[in-house]
Amino acid sequence: MTVVETSTSTVPLGGPSLPQERRLVTRIPGPKSQALQARKAQAVSAGVGITLPVYVVAAGGGVLVDVDGNSLIDLGSGIAVTGVGNSAPRVVAAVTAQLEQFTHTCFSVAPYDSYIEVAETLNRLTPGDHEKRSVLFNSGAEAVENAVKIARSFTHKQAVVAFDHAYHGRTNLTMGLTAKNLPYKNGFGPFAPEVYRAPMSYPLRDGGLDGAVAARRAILQMEKQIGADNLAAVIIEPIQGEGGFIVPAAGFLPTLLTWCRANNVVFIADEIQTGFARTGHMFASEHEGIVPDLICTAKGIAGGLPLSAVTGRADIMDAPQAGGLGGTYGGNPLACAAALATIETYEADHLVERAAAIGRVMSDVLGAFAAADPRIAEVRGRGAMMAIELVDPDTNEPDAALTARVIAATHAEGVILLGCGTYGNVIRFLPPLSISDDLLREGLHIVGDALALS
Ligand SMILES: *Cc1c(COP(=O)(O)O)cnc(C)c1O
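What counts, and where the lines are drawn
- Residues numbered from 1 in each chain as written.
- Predicted model: local features only at pLDDT ≥ 70, side-chain atom pairs only at ≥ 80, totals over all residues.
- Heavy atoms only, no water.
- Helix = DSSP H or I, 4+ residues; strand = E, 2+ residues; numbered from the N terminus.
- Rg over C-alpha atoms; globule rule 2.2 N^0.38 Å.
- Buried < 20%, exposed > 50% of the residue type's maximum accessible area, 1.4 Å probe, protein only.
- Contact = heavy atoms within 4.5 Å.
- Areas by Shrake-Rupley, 256 points an atom, 1.4 Å probe, with all protein chains shown as cover.
- Lys, Arg positive; Asp, Glu negative; His and termini not counted.
- Charge placed at Lys NZ, Arg CZ, Asp CG, Glu CD.
- Near = heavy atom within 4 Å.
- Polar contact = N/O pair within 3.5 Å; in protein donor to acceptor, adjacent residues only side chain to side chain.
- Pairing = 2+ DSSP bridges.
- Axes fitted to C-alpha atoms, helices over the stretch in contact; angles between N-to-C directions.
- Left-handed = near helix turned anticlockwise from the far one by under 90°.
- Nonpolar A, V, L, I, M, F, W, Y, C, P; charged D, E, K, R; others polar.
- Expected span 1.5 Å × (residues − 1).

J.: What is the right way to read the overall build of the protein from this model?
T.: A count of helices and strands for the protein gives 13 helices and 17 strands. Against the compact-globule benchmark of 22 Å for 454 residues, the protein has a radius of gyration of 22 Å, which places it among compact chains. Seen through its C-alpha atoms, the protein measures out along the principal axes to roughly 60 × 60 × 45 Å. Within the protein, the proportion of its 454 residues that are buried is 53%. Within the protein, contacts between residues separated by at least 24 positions form 74% of all contacts whose residues are at least 6 apart in sequence. When the accessible area of the protein is evaluated, it comes to approximately 18,300 Å², of which 53% is carbon and sulfur surface. Side chains of the protein give 33 positive and 45 negative charges; the mean places of these two sets differ by 4 Å.

J.: Could you clarify how one ought to interpret the site of the ligand in this entry?
T.: Every residue lining the ligand is accounted for by Ser 139, Gly 140, Ala 141, Tyr 167, His 168, Gly 169, Glu 237, Asp 270, Ile 272, Gln 273 and Lys 299. At 3.4 Å, a backbone N or O of Tyr 167 approaches a nitrogen atom of the ligand. Between the ligand and the protein, one listed contact pairs an oxygen atom with a side-chain N or O atom of Gln 273 at 2.8 Å.

J.: Please clarify how the sheet that holds strand S8 (residues 195-198) should be interpreted in this entry.
T.: The strands making up a sheet associate through hydrogen bonds between their backbones, and the pairing can be parallel or antiparallel. Strand order across the open sheet formed by seven strands is S6-S12-S11-S10-S9-S7-S8, with mixed pairing between neighbours. The open sheet has two edge strands, strand S6 (132-137) and S8, and neither has a second partner. The average undirected angle you get between the axes of adjacent strands in this sheet is 20 degrees. Where strand S11 (residues 294-297) lies against strand S12 (residues 308-313), four bridges are found, and the strand directions are antiparallel. Residue pairing across strands places Cys 296 opposite Val 310, the latter belonging to S12. Strands S6, strand S7 (159-163), strand S9 (231-236), strand S10 (266-270), S11 and S12 of the sheet are contacted by helix H5 (residues 140-155), whose axis makes an angle of about 30 degrees with S12.

J.: Honestly, the environment of Thr 155 in this entry has me stumped. Any pointers?
T.: Along the chain, Thr 155 turns up in helix H5. Owing to a relative accessible area of 8%, Thr 155 belongs among the buried residues under this scheme. Thr 155 sits 278 residues away from Leu 433 along the chain, and the two C-alpha atoms are 39 Å apart. Among residues more than four places away in sequence, those in contact with Thr 155 are Ala 232, Asn 264 and Val 266.

J.: Looking at this structure, how should I read the packing of helix H4 (residues 113-125) against helix H10 (residues 333-348)?
T.: Each pair of packed helices can be described by the angle between their axes along with the distance between the axes. Their axes nearest at 9 Å, the elements H4 and H10 cross at an angle of 35 degrees. Our pair here, H4 against H10, has a crossing hand that is left-handed. Together, Ser 114, Tyr 115, Glu 117, Val 118, Thr 121, Arg 124 and Leu 125 of H4 and Pro 333, Cys 336, Ala 339, Leu 340, Ile 343 and Glu 347 of H10 make up the contact between the two elements. Classifying every residue of the contact of H4 with H10 by side-chain character gives eight nonpolar, two polar and three charged.

J.: What should I look at first to understand H10 in this one?
T.: At 3.6 residues per turn, the α-helix brings residues three or four places apart onto the same side. With 16 residues, H10 should reach 22 Å at 1.5 Å per residue; the first-to-last C-alpha distance of 22 Å fits that figure. Of all 16 residues in H10, 13 are buried, a share of seventy percent or more. The backbone nitrogen of Leu 334 lies 2.8 Å from a side-chain oxygen of the residue at the head of H10, namely Asn 332.

Purely spatial values, then, with no claim about function.
Here's what the structure looks like:
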């Protein structure tokens, strides 16, 4: 392993050459992480929550190494960001080279070609072979905000519909679009006007309602409560992320899209968590064969550098006045270099197929857990985006306390694991696509052991 000598200790370099093993040399979190967590409490806003306070010094492949020398299995990818793995070699090389060229000019002041190349690449990769345009931003929330701006500019209408269990970000408009109060919205209102909510298709909890029927229920509500004449856009995650990895019933998304097309309502797919190979297609919309008008991307786009995008129909994307879209950092040259190297990695290393293979391992292992444990109400998801929903088997009521115990016990064994769900009772699995099968299975079995003991 490559190491860097520092004044105080020896720190391994990240990337795939990091030893791919779980190795615990202290309790989790260890003493150095605990000391940093105490410093954090004195220096960082208490509003910043932390899932697992192990302070990282290196990461790569399927592991994170902490300040105490523990090596943890990563089943979170920094929330679905490091699909290509941490410090992926092409990303490191491309960003390092760009760092030595120039770091920032602002694309709206003095542009550069990598921004255009990222736009061309997104236009090529996203569903549909119609003429497209893209615009780049920094965060997912910023992409969602701008997709709504663009849809309003194009339609000259104002209302926006989001769904039950939706998550679209933490800025004012995107908080309004997000369904869940705690922790995202509580105390942070008032929220932006002209945001409406429609019922989602949630097969486990809506009696397995047929997708088209569930869509018509949502459409009826939109027609009666808002009116298509006032509705600029419908925004939906093709698989809901924070809301609980909810996969709508087949037919739900196509039926909604058809209604949007017929009513001059812009259909925005928020693929920020599902995007870039994660679900076993480059984009989750492809599982249902839908071609959204606009697609928001972020997380998996640039190997961990902050970048997001809105991509979509040229006529819609060209509606805003020049100068209406942009920002100081959007499409920063380092992030663009990272995105091009990241997307090259997805394609050259066949990570779409790899995500599907990871999904087969996860559904096998998690399916076996579910067969033996009635508290697992459902194993769901696609590709390397899978989850289990935990309930009281007698009542089917969500069991958030059990979920929290399983996650805590898993953390203590050196596995990074995330929960989600409106009811806090879903455990989600988002491994980097660079994880080995052995490490993945080891991580999943630790979750299984934690479940058996909880
Ligand atoms: C994470 C996420 C966002 C917000 O992205 P940020 O980069 O955190 O602003 C929006 N939509 C979905 C579906 C997400 O998962």
